[in-house]
There are 2 protein chains.
Amino acid sequence: MFRIFLLWKGNNMGKYAFGVDIGGTTVKLGFFDREGELLERWEIITRKDDGGKWILPDVAASIEAVIEKRKLHREDIIGVGVGSPGLVLADGTVQSAVNLGWGKMNIPKTLGELLRLPVRSGNDANIAAYGELWKGGGRGYRSMVMVTLGTGVGGGVIIDGRILTGASGAGGEVGHMQINPAESEPCGCGRRGCLEQYASATGIARLAARRLAADDHPSVLREREHVSAKDVFDAVKEGDAVAIEIGSQFGAYLGDGLAKTASVADPEVFVIGGGVSRAGEILFDYIRPAYEKCAFQSYLNADFRLAELGNDAGIYGAAGLFLAE
Amino acid sequence: MFRIFLLWKGNNMGKYAFGVDIGGTTVKLGFFDREGELLERWEIITRKDDGGKWILPDVAASIEAVIEKRKLHREDIIGVGVGSPGLVLADGTVQSAVNLGWGKMNIPKTLGELLRLPVRSGNDANIAAYGELWKGGGRGYRSMVMVTLGTGVGGGVIIDGRILTGASGAGGEVGHMQINPAESEPCGCGRRGCLEQYASATGIARLAARRLAADDHPSVLREREHVSAKDVFDAVKEGDAVAIEIGSQFGAYLGDGLAKTASVADPEVFVIGGGVSRAGEILFDYIRPAYEKCAFQSYLNADFRLAELGNDAGIYGAAGLFLAE
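Reading the values: the criteria
Numbering of residues starts from 1 in every chain and runs along the sequence as written. By the order in which they are written, chains take letters starting at A while ligands take numbers starting at 1. Where local features are concerned, this predicted model is filtered to residues with pLDDT of at least 70; where side-chain atom pairs are given and counted, the filter is 80 or more; whole-chain, interface and lining totals use all residues. The side-chain quantities take in all heavy atoms of the structure and omit both hydrogens and water. Each helix corresponds to a stretch of at least 4 residues labelled H or I by DSSP, and each strand to a stretch of at least 2 residues labelled E; elements are numbered beginning at the N terminus. Under the scheme applied here, a residue whose accessible area is under 20% of the maximum for its type counts as buried, over 50% as exposed, and between as partly exposed, the area being computed with a 1.4 Å probe on protein chains only. In what follows, residue pairs with any heavy atoms lying within 4.5 Å of each other are defined as contacts. Only the protein chains shown count as covering a residue, and every accessible area follows the Shrake-Rupley method with a 1.4 Å probe. Charged residues are defined narrowly, with Lys and Arg counted positive, Asp and Glu counted negative, and His plus the chain ends left uncounted. Where a charge lies is defined by one atom per residue type: Lys uses NZ, Arg uses CZ, Asp uses CG and Glu uses CD. To line up the copies, we fit them by least squares on C-alpha atoms, keeping just the residues with pLDDT of at least 70 in both. Only centres within 6.5 Å qualify two rings of Phe, Tyr or Trp (six-membered ring in Trp) as a pair; their planes then separate them into stacked at under 30 degrees, edge-to-face at over 60, and tilted for everything else. A helix is expected to span 1.5 Å for every residue after the first. Angles run from 0 to 180 degrees between N-to-C directions of axes, and those axes are lines fitted to C-alpha atoms, restricted for helices to the stretch in contact. When residue character is reported, Ala, Val, Leu, Ile, Met, Phe, Trp, Tyr, Cys and Pro are called nonpolar, Asp, Glu, Lys and Arg charged, and the others, Gly included, polar. By the convention used here, strands pair only if DSSP detects at least 2 bridges between them.

Some details on the overall build of chain A
Working step 1: For chain A, the helix and strand inventory stands at eleven helices and twelve strands.
Working step 2: By principal-axis analysis of the C-alpha atoms, chain A measures approximately 75 × 45 × 35 Å.
Working step 3: Counting only residues that meet the buried cut, chain A has 59% of its 325 residues in that class.
Working step 4: Expressed as a percentage of contacts within chain A between residues at least 6 apart in sequence, the contacts between residues at least 24 apart total 61%.
Working step 5: By element, 51% of the accessible surface of chain A is carried by carbon and sulfur atoms, the whole surface being about 13900 Å².
Working step 6: The distance from the centre of the 35 positive side-chain charges to the centre of the 41 negative ones in chain A is 6 Å.

What follows is the structure, encoded as structure tokens:
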């Protein structure tokens, strides 16, 4: 009886959690209350010197400073969640995060010892997906596939409220699903025809450059030296025919990739995030028809939503590792 | 304290479970002990008259007969697991199983009321996968993708020991992943280029017919009027060049499909079952190279195993819903 009572107290005494999103340039941090309200949000520089050995001590010092400033006790803190680049196994071990300088790194152990607080961690794309499920575009759903269309294409899959981490920490990495083996240019991963080559901001710019080089059809896009993904969807909104063609190509590849993803994950909802998603609902005019053409009928009821948390998805998801449910 | 004690007793008193695998022709049943040993195995006819309304009463009567014969008490039985064709939601509701005559059918409720025992259910392909994980080719793994290569291609995905049921009950239905949009013939589902069209027994026979019609290259397969999947792999084992070409085509499509599946599920192991898997380990000579060509590097450590339980996978998996772990 005594033990049970202690456990019960331990679970309920904490009032706050921290969410940490480690990026290649900055570390974003958030201080949340039990209900998941973001009470404070700040950033520190990601110090990548010396194989990235200062990154977690810097995070710990930054969190200690907030604890001190707010006069919190250790037992007020439920835990510290961390999203990190790279492959992160179920036990929180980062296998290798090249852009931080890290080889193997057990975040819960290392940061937990520095802070003397419970720490959980996961891959940044998965954690961002978890954040969107908890407080963003995926609110109210339990099973979700999120794709983050930025410089690359990140993916996160949530099944029944749980992150699909994967055996090698690469669960839901749909950006490197090969969807066009006929592609002539290599992807950053060395293979050809990955979804990322068509659905990332970089990929859309590449589709645009290709399309514009193919003929002399007039387009507002020709006024620009370098056409970005934003330029393409701005021109789509103006009704530019060439931009619409490019949008359709983007949609065809992404819709196909999401239909293939549905064959495995059968999610309730797809959430589209990242810089490209700022184009808004118009993206779905290009993604959905392609999805419906490629997907088995069981998957046609899936919803499509835009991400809502922007760059804060990572800190929400990280804090959610302790606060969600 | 009293309640806790009762719960504890309830969990531990049962000594046996039943596993039921409902097929379009027969229902397979198994009686298992706590450790998952199959003590008795039998079949009954699937009575599809009257919209399939006799199927569950027949199952109940058959189980009652065993309970009586073995002089068991209700509290000796931990539960009855059931695998069923069709889409089965997480609550055990079959959405529609056309080949049984069923519309919506809640198996746990209906069979549970007939037997006054706990009943759990799931889709037959998922349940078979669960059986292979528990007692077959996937033993020792926690995350697995199983494909059953029979008349069609069934799929089941297990993540961290839990069946991926999916929002519409079609989780892991990789047989209808579209992998060749250039296909001219329609799949049974009405779309074109589904994995099932190349990797099922029927699909392999179709690949063979196409290849043989393409030229007059000599092959032992020309001696047969109808070439089956078994004929193809028998000829592969004899070194027949045309059969090896057909095997390579099969492998290319299936390897591609499994690589795409890995991008979502990142499993520890792929288990290949169904009639086609009787060809043996030689299948992997054709599947693996294609998989390695298509898969992102993180997924290259996945193991490939043959299913081991054959037609009993369903009853094992069904009983496993109560006995596994």
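Remarks on the environment of arginine 47 of chain B
Residue and element names in this part refer to chain B.
Working step 1: Note on placement: arginine 47 falls in the loop between β3 (38-45) and α2 (49-52).
Working step 2: Residue classification places arginine 47 among the partly exposed positions, given a relative accessible area of 33%.
Working step 3: In this structure the C-alpha to C-alpha distance between arginine 47 and glycine 24, which are 23 residues apart in sequence, comes to 9.0 Å.
Working step 4: Sequence-distant contacts of arginine 47, defined by excluding residues within four places in its chain, comprise Gly52, Trp54, Ile55 and Asp58.

As for the relation of the copies chain A and chain B
Working step 1: Least-squares fitting of chain A to chain B yields an RMSD of 0.0 Å, with the transformation described by 0.0 Å of translation along the axis and a rotation of 180°. Such a combination of turn and shift is consistent with a two-fold rotation axis.
Working step 2: Most of the interface of chain A is mirrored in chain B: 100% of its interface residues are interface residues there too.

Quick look at the packing of aromatic side chains
Residue and element names in this part refer to chain A.
Working step 1: A complete count under the given rule lists 22 aromatic pairs over all chains for this structure.
Working step 2: Between the aromatic rings of phenylalanine 284 and phenylalanine 304, the centroid separation amounts to 5.9 Å while the plane-to-plane angle is 65°, which identifies the pairing as edge-to-face. With phenylalanine 284 in helix α10 (residues 282-294) and phenylalanine 304 in strand β12 (residues 303-306), this pair connects stretches of sequence that are 20 residues apart. In this pair, the class of phenylalanine 284 matches that of phenylalanine 304, namely buried.
Working step 3: An aromatic cluster of three or more residues is present, and its members are Tyr16, Phe18, Phe31 and Trp42.

Some points on helix α7 (residues 201-214) of chain A
Residue and element names in this part refer to chain A.
Working step 1: Here α7 spans 20 Å end to end across 14 residues, near enough to the 20 Å set by a 1.5 Å rise per residue.
Working step 2: Along α7, the residues that are buried comprise Gly203, Ile204, Arg206, Leu207, Ala208, Arg211 and Leu212.
Working step 3: Residues of α7 that are buried in the fold lie against α6 (196-199), α8 (229-237) and α9 (241-265).

A word on the packing of helix α7 (residues 201-214) of chain B against helix α8 (residues 229-237) of chain B
For any two helices packed against each other, the geometry comes down to the angle between their axes and how far apart the axes lie.
Residues and elements named next belong to chain B.
Working step 1: Remark: α7 packs on α8, axes separated minimally by 8 Å, with the N-to-C direction vectors making an angle of 65°. Here Ala201, Ile204 and Ala208 of α7 come into contact with α8, specifically with Ala229, Val232 and Phe233.
Working step 2: Residues of the contact of α7 with α8, tallied by class, amount to six nonpolar, no polar and no charged.

Examining the sheet that holds strand β2 (residues 26-33) of chain A
All names here are of chain A.
Working step 1: Taken in spatial order, the five strands of this open sheet run β3-β2-β1-β4-β7, and their pairing is mixed. The open sheet is flanked by β3 (38-45) and β7 (119-123), the only strands paired with a single partner. On average, each strand axis in the sheet is tilted by 15° relative to the strand beside it, whichever way the strands run.

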